[in-house]
Amino acid sequence: MKNWVFEAVALILFLVLGVAGVIAATSISGLSFDPLGSAFAPYTVGTFTILLSAIGFLLMVRRIVKNSTDNPSKGDAEAEESERVYSPREMIEVLALFCIALIYVVAIFRYRVPFSIATILLVPAAACLLERTMKGGIPLIALATGTFIGFGGEFLFSKVFFIDLPVLW
């Protein structure tokens, strides 16, 4: 499989996830006392996911065009050999990260798993998939980061911004 095909499939999956988040957020009604409303968090996350997917797609297209204009004399085989090749493990990691993100969203908004617990589980799981970019101590650092983001985000969203998230306390 060519690199750009794999990259395009991954970007499309995350784009679909973002669109689904935005569509789901539009059906959430807010309470009258909410300054931002309950739909703010999923709408914002969905919008950023769409935006980052679009940026990734544009960068991929730019790289493909640049490679084809920089090396017009090289054939497709030579140009493809000069690109970094994704291993099957890397492809599985991207799909696993997509599945983890999907499970996270469904757990919070469908099954009302507390935001803090879901985040504490998400961050170390994602960090383990991205482990080769970091050196040692990943589980402990990821668990600490997930705990801080989980409880801090839960407090910030539910107590400060009055966003209706499933909370632990």
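Just so you know, these numbers come straight off a predicted model, no measurement behind them. (Residues numbered from 1 in each chain as written. Predicted model: local features only at pLDDT ≥ 70, side-chain atom pairs only at ≥ 80, totals over all residues. Heavy atoms only, no water.)

This part takes up the pattern of salt bridges. Enumeration over the complete set of coordinates arrives at two salt bridges. In this structure, E7 engages R63 in a salt bridge whose closest nitrogen and oxygen atoms are separated by 2.4 Å. Highlighted residues: E7 in helix α1 (residues 3–26) and R63 in helix α2 (residues 40–70), separated in sequence by 56 residues. One salt bridge connects R89 with E93, and the closest N-O pair in it is separated by 3.0 Å. Here E93 and R89 lie together in helix α4 (residues 88–109), a separation of four residues that amounts to about one turn. Of the residues examined, E93 reaches a relative accessible area of 10% and is grouped as buried. (Salt bridge = Lys/Arg side-chain N within 4 Å of Asp/Glu carboxyl O. Helix = DSSP H or I, 4+ residues; strand = E, 2+ residues; numbered from the N terminus. Buried < 20%, exposed > 50% of the residue type's maximum accessible area, 1.4 Å probe, protein only.)

A few words now on unusual backbone geometry. Although it is not a glycine, R112 sits at a positive phi angle of roughly 55°. Turning to its location among the elements, R112 is positioned in the loop between α4 and α5 (115–129). On the accessibility criterion, R112 (40% relative accessible area) is partly exposed.

What follows is about the packing of α1 against α2. Interaxial distance between α1 and α2 falls to 7 Å at its minimum, and their mutual angle equals 160°. Our classification of the angle between α1 and α2 gives roughly antiparallel. Handedness of the α1/α2 crossing: left-handed. Two secondary-structure elements touch here, α1 through W4, E7, A8, L11, F14, L15, G18, V19, G21, V22 and A25 and α2 through P42, Y43, G46, T47, T49, I50, S53, G56, F57, M60, R63 and I64. Looking at side-chain class alone, the contact of α1 with α2 contains 14 nonpolar, seven polar and two charged residues. (Axes fitted to C-alpha atoms, helices over the stretch in contact; angles between N-to-C directions. Parallel < 35°, antiparallel > 145°, perpendicular 65-115°, else oblique. Left-handed = near helix turned anticlockwise from the far one by under 90°. Contact = heavy atoms within 4.5 Å. Nonpolar A, V, L, I, M, F, W, Y, C, P; charged D, E, K, R; others polar.)

Low-pLDDT portions of the prediction should not be read for the details of their coordinates. Here the protein chain shows a mean pLDDT of 80. Residues at 70 or above account for 81%. The secondary structure element of the protein chain with the lowest average pLDDT is helix α3 (residues 76–82), at 51, and the one with the highest is α5, at 90. (pLDDT = per-residue confidence, 0-100.)

Within the secondary structure, S116 sits in helix α5. According to the relative accessible area criterion, S116 is buried, its value standing at 0%.

Note that T119 resides in helix α5. A relative accessible area of 2% means that T119 is categorised as buried. Excluding anything up to four places from it in sequence, T119 contacts Y104, P124, G146, I149 and G150. A polar contact of 2.7 Å, which involves the side chain of T119, links it to the side chain of Y104. (Polar contact = N/O pair within 3.5 Å; in protein donor to acceptor, adjacent residues only side chain to side chain.)

A separate point is the packing of aromatic side chains. Think of a pair of aromatic rings as described by two things: how far the centres are apart, and how the planes are tilted against each other in angle. All told, the structure shown has two aromatic pairs when counted by the stated rule. Their ring planes at 90° and their centres at 5.4 Å tell us that F14 and F98 sit as a pair that is edge-to-face. Of this pair, F14 sits in helix α1 while F98 sits in helix α4, and the two are 84 residues apart along the sequence. Here F14 falls in the partly exposed class, since its relative accessible area comes to 23%. Its relative accessible area of 12% is what places F98 among the buried residues. Pairing F115 with F157 gives two aromatic rings, centres 5.8 Å apart and planes at 85°, and the pair type is edge-to-face. Of this pair, F115 sits in helix α5 while F157 sits in helix α6 (residues 138–160), and the two are 42 residues apart along the sequence. Above the plane of the ring of Y111 lies R110, whose end atom (NZ or CZ) is 5.9 Å from the centre. (Phe/Tyr/Trp six-rings, centres within 6.5 Å; stacked < 30°, edge-to-face > 60°. Lys NZ or Arg CZ within 6 Å of the ring centre and 35° of its normal.)

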